[in-house]
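Summary of structural features
Residue strings, one per chain:
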Amino acid sequence: MKGIVFTHFFEMVESEFGEEMVETLIDDAKTSTNGVYITAGTYPAEDMVNLVSSLSKSTQLPPPMLYRHYGNYLFKQLYTGYSFFPPEVLHNTFSFLDSINDYIHVEVRKLYPDAELPHFATHHRDEHKMVLEYTSSRRLSDLAYGLIEGCLKHFGEAGNIELEPLTEDGSKVLFTVTLNPG
């Protein structure tokens, strides 16, 4: 997992829970780096799992809720932090989500050639509904859920997201995103 995901996580924790919480996480979570991450570095996904588990313990909020909340935050940071999004992916949620593998991840790999990115396959897309299959050995579908929520918010679209596990270990999940009429 790229360091940028960790650095933004600490930014969110500090802005929403305070600097002391960041210190608590660094002290409590057993991470490979003792809480030191650089944006371009690559780190084990278990570090994020440990950090979120520690945050959950400290806040009494369940990990899925924390991952989703962080996904919302992360979408905003990544979207505003990278200017390589072409106009054709900028007009709505579905066009953006449909471009993840063929455009966005291609650009990410230019910046971070060693990045291990999740795969998103579009199974269905029409004006009101999109079905995406998420595949990742990291099994962070709740983070992906939050990123999709953040995308909906960014484009000012209201909708529902359904998550259906396709494998027992969570490495494959089906997301169905349905836009609300109006």
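Residues numbered from 1 in each chain as written. Predicted model: local features only at pLDDT ≥ 70, side-chain atom pairs only at ≥ 80, totals over all residues. Heavy atoms only, no water.

Let's talk about helix α4 (residues 63-81)
- Taking 1.5 Å as the rise per residue, α4 with 19 residues should run 27 Å; its terminal C-alpha atoms sit 26 Å apart, in good agreement.
- Buried-residue contacts for α4 involve α1 (3-17), α3 (45-59), α5 (93-98) and α7 (141-154). (Helix = DSSP H or I, 4+ residues; strand = E, 2+ residues; numbered from the N terminus. Expected span 1.5 Å × (residues − 1). Contact = heavy atoms within 4.5 Å.)

Some thoughts on empty space enclosed by the protein
- Counted by the stated rule, this structure contains 1 cavity of 30 Å³ or more.
- When its volume is computed, the largest cavity comes out at roughly 720 Å³.
- Lining of the largest cavity is provided by 33 residues; of these, L78, H105, L117, P118 and L147 occupy positions nearest its centre.
- Sorting the residues of the lining of the largest cavity by element identifies α1, α4, α5, α6 (100-111) and α7 as the ones contributing at least two each.
- When its residues are assigned to classes, the lining of the largest cavity shows 28 nonpolar, 2 polar and 3 charged. (1 Å grid on protein atoms, 1.4 Å probe; cavity = no way out; pocket = protein on both sides within 12 Å on 5 of 7 lines; lining within 4 Å. Points joined across faces, edges and corners; volume = space filled by probe spheres on them. Nonpolar A, V, L, I, M, F, W, Y, C, P; charged D, E, K, R; others polar.)

A look at the side chain of N92
- Within the element layout of this structure, N92 appears in the loop between α4 and α5.
- In terms of polar contacts, N92 uses its side chain to reach the backbone amide nitrogen of F94, at 3.2 Å.
- Sequence-distant contacts of N92, that is, excluding residues within four places in its chain, are made with R125, F155 and E157. (Polar contact = N/O pair within 3.5 Å; in protein donor to acceptor, adjacent residues only side chain to side chain.)

Structural notes on the pairing of strand β1 (residues 119-125)
- One ladder, built from 6 bridges, connects β1 with strand β2 (residues 129-135); its direction is antiparallel. In the sheet register, A121 faces β2, and the bridge partner there is E133. (Pairing = 2+ DSSP bridges.)

Brief notes about the nonpolar core
- F9, V13, M48, L51, Y70 and F175 are the most contacted members of the largest nonpolar core, which has 51 residues in total.
- Residue contacts for V13: discarding those within four places in its chain leaves G18, M21, V22, L25 and L55. (Core = buried A, V, L, I, M, F, W, Y, C linked by side-chain atoms within 4.5 Å. Buried < 20%, exposed > 50% of the residue type's maximum accessible area, 1.4 Å probe, protein only.)

A closer look at a negative patch on the surface
- Together, E11, E14, E19, E20, E23, D27 and D28 line one region of the surface with negative charge.
- Elements with a contribution of two residues or more to the negative patch: α1 and α2 (19-28).
- Among the elements that line the negative patch, the one with the most residues is α2, at 5 residues.
- Within the secondary structure, E23 is located in helix α2. (Patch = residues over 30% accessible without salt bridge, like charges linked within 9 Å, V, L, I, M, F, W, Y side chains within 5 Å. Areas by Shrake-Rupley, 256 points an atom, 1.4 Å probe, with all protein chains shown as cover. Salt bridge = Lys/Arg side-chain N within 4 Å of Asp/Glu carboxyl O. Lys, Arg positive; Asp, Glu negative; His and termini not counted. Charge placed at Lys NZ, Arg CZ, Asp CG, Glu CD.)

A look at the pattern of salt bridges
- Scanning the entire structure with this criterion turns up 4 salt bridges.
- We note a salt bridge from K2 to D114, for which the minimum N-O separation is 2.9 Å. Taken together, the positions of K2 in the segment before α1 and D114 in the loop between α6 and β1 put the pair 112 residues apart, joining distant regions of the chain.
- Since its relative accessible area comes to 9%, K2 is described here as buried.
- Here D114 falls in the partly exposed class, since its relative accessible area comes to 44%.
- Ionic pairing is found between D98 and R125, a salt bridge with its closest N-O pair at 2.9 Å. Of this pair, D98 sits in helix α5 while R125 is found in strand β1, placing the two residues 27 residues apart along the sequence.

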